[in-house]
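Examination of the molecular architecture
Now for the letters of each chain:
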2 protein chains.
Amino acid sequence: MLSISLASPVPIHDQIVAGLRRLIATGTLTEGDELPPVRQLAADLGINFNTVARAYRELTDMGLILSARGRGTVVISATERPSGRPAEERRRIESTIAGALADARLAGFSPDEVRSMVDRQVQALWKP
Amino acid sequence: MLSISLASPVPIHDQIVAGLRRLIATGTLTEGDELPPVRQLAADLGINFNTVARAYRELTDMGLILSARGRGTVVISATERPSGRPAEERRRIESTIAGALADARLAGFSPDEVRSMVDRQVQALWKP
DNA sequence: TGACAATGTATCAATGAGTGATACTATATG
DNA sequence: CATATAGTATCACTCATTGATACATTGTCA
């Protein structure tokens, strides 16, 4: 449900943030849902709980979750206020996709394979 | 033609590798083309030339370019031998795309917008 | 041919982000 | 009220990234 890669160059806390944002984006997590305690999630992932705490703090700053001592952490919003201007956001996303597609081409995937791959994911994401 | 972000968590040499791979994948750079000297590209990007040298070395290990002292660096292949097993490669690419799509959804893009965005890029990438 | 310029390579040092260990504070619950 | 559970704060360590410097190889031109 939430996996990380210790080998990846992207920091673990960033991976956790991205993963949870994705779960929220897909509706797997919605307003009111509780997140696991930092120590438990850390144990599940095999990392230090401070790293999870940091991820929770960043998600808190984004206004997606709310943490309180002793009470735990809950999702408070399923829609995030875009941080940058839409045009910038679009460029950022296009750039990420472009990178992935270039990888796919170098790896020998065909355009149809890629398109169907994307289609399946789009349907899954925007389904509800 | 090749831009990097010092603020990004992903290392500069990785960004350079990704950028050049992308230029090769798109055909902007093809077999026989010369890459700028490490010192020049480093100056253009405002970074240390060792960082560029490291990127060149990694691309050399991938079999995409060839460097020689005094002579410079040239592109020797437009197709890369996949390093990992196809299944892993596929999972990696799918995961990258999934992240980008989740971002897109959180940013408020519609499925159609995303699909057309991808379509345009796929056509551009696989055009030749 | 010889001197010099241009290019990539090797090695080591410094910096800093990420991660982890530890102690602390607040809330819930019996 | 006592204890367990949860998040927070602070500090130290490690390691990758980056940069500085010196070196080796090839090209060029007088």
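Note on numbering: residues in each chain are counted from 1, in written sequence order. Each chain gets a letter, beginning with A, and each ligand a number, beginning with 1, in the order they are written. Residue-level local features of this predicted model are given only where pLDDT is at least 70; pairs of side-chain atoms are given and counted only at 80 or more, and the full residue set underlies all totals for whole chains, interfaces and linings. Side-chain metrics rest on all non-hydrogen atoms present in the structure, leaving aside hydrogens and water.

Contacts between residues were defined by any pair of non-hydrogen atoms, one from each residue, lying within 4.5 Å. Every contact between the two is made by 41 residues of chain B and, on the other side, 40 residues of chain A. Reported buried area values correspond to the accessible surface (1.4 Å probe) lost by two parts on association, with both partners' losses combined. For the chain B face of the interface with chain A, the top three residues by lost area are Arg 105, Leu 106 and Trp 126 of chain B, together amounting to 18%. Salt bridges are counted wherever a side-chain nitrogen of Lys or Arg sits within 4 Å of a carboxyl oxygen of Asp or Glu. For the pair chain B and chain A, the interface holds 10 salt bridges. Of the charged contacts in the structure, one is a salt bridge between Glu 94 of chain B and Arg 120 of chain A, with a shortest N-O distance of 3.9 Å. By the criteria applied, helices consist of DSSP H or I runs no shorter than four residues and strands consist of E runs no shorter than two, each listed in order from the N terminus. Contributing elements (two or more residues each) for the side of chain B that touches chain A: α1 (12-25), α4 (86-106) and α5 (111-126) of chain B. Ranked by residue count, the leading element in the side of chain B that touches chain A is α4 of chain B, at 16 residues.

Turning our attention to helix α5 (residues 111-125) of chain A. What a helix should span is 1.5 Å times the count of its residues minus one. Given a rise of 1.5 Å per residue, 15 residues ought to cover 21 Å, and the 21 Å separating the end C-alpha atoms of α5 of chain A matches this to within 8%. For α5 of chain A, the complete set of buried residues consists of Val 114, Met 117, Val 118, Gln 121, Val 122 and Leu 125 of chain A. All buried residues of α5 of chain A fall inside an arc of 130° around its axis, so they share one side. Opposite the buried face of α5 of chain A, by more than 90 degrees, sit the exposed residues Asp 112 and Gln 123 of chain A. Each element contacted by the buried residues of α5 of chain A is listed here: α4 (86-106) of chain A together with α4 and α5 of chain B. Accessible area is worked out with a 1.4 Å probe on protein chains only. A residue is then buried under 20% of its type maximum, exposed over 50%, and partly exposed in between. Arc, as used here, means the arc of the directions from the helix axis to the C-beta atoms.

Let us look at helix α3 (residues 49-61) of chain B. Residue and element names in this part refer to chain B. An ideal rise of 1.5 Å per residue puts 18 Å on 13 residues; α3 measures up with 18 Å between its terminal C-alpha atoms. Within α3, the full set of buried residues consists of Val 52, Ala 55, Tyr 56 and Leu 59. Looking straight down α3, one finds its buried side chains confined to an arc of 100°; they lie on one side. What points out from α3, more than 90 degrees from its buried face, is the exposed set Arg 57 and Asp 61. Its buried side turned inward, α3 meets α1, β1 (34-35), α2 (38-45), β2 (65-68) and β3 (72-75).

This next bit is on the relation of the copies chain B and chain A. Alignment of the copies relies on least squares applied to C-alpha atoms, considering only residues that score at least 70 for pLDDT in both. Between chain B and chain A, the superposition needs a rotation of 179° and an axial shift of 0.0 Å, giving an RMSD of 0.5 Å. What we have between these two chains is a two-fold relation.

We now examine the sheet that holds β2 of chain B. All names here are of chain B. By definition, two strands form a pair when at least two bridges between them are found by DSSP. One open sheet holds the 3 strands; their spatial order is β1-β3-β2, and the pairing between them is antiparallel. Two strands close off the open sheet at either side, each with one partner strand: β1 and β2. Relative to β3, β2 runs antiparallel, the two being bridged by 4 bridges. Among the inter-strand pairings, Leu 66 is bridged to a residue of β3, identified as Val 74.

Near DNA strand D lie 24 residues; those nearest to it are Val 38, Arg 39 and Asn 50 of chain A together with Ile 12 and Asn 48 of chain B. By convention in this text, a residue qualifies as near a molecule or strand provided that one of its non-hydrogen atoms is within 4 Å of it. Across the atoms of DNA strand D situated within 4 Å of the protein, the share located in sugar and phosphate is 70%. At 3.0 Å from a sugar or linking oxygen of DNA strand D is found a side-chain nitrogen or oxygen belonging to Arg 69 of chain A. Elements with a contribution of two residues or more to the surface near DNA strand D: α2 (38-45), α3 (49-61), β2 (65-68) and β3 (72-75) of chain A together with α1 and α3 of chain B. For the surface near DNA strand D, the element with the most residues is α3 of chain B, which contributes 4 residues. Lys, Arg, Asp and Glu make up the charged group, whereas Ala, Val, Leu, Ile, Met, Phe, Trp, Tyr, Cys and Pro make up the nonpolar group; the residues left over, Gly among them, are polar. For the surface near DNA strand D, the class distribution of residues is 9 nonpolar, 10 polar and 5 charged. Polar contacts, as used here, are pairs of N or O atoms within 3.5 Å; protein pairs need one atom able to donate a hydrogen and one able to accept it. Residues neighboring in sequence count only if both atoms are side-chain atoms.

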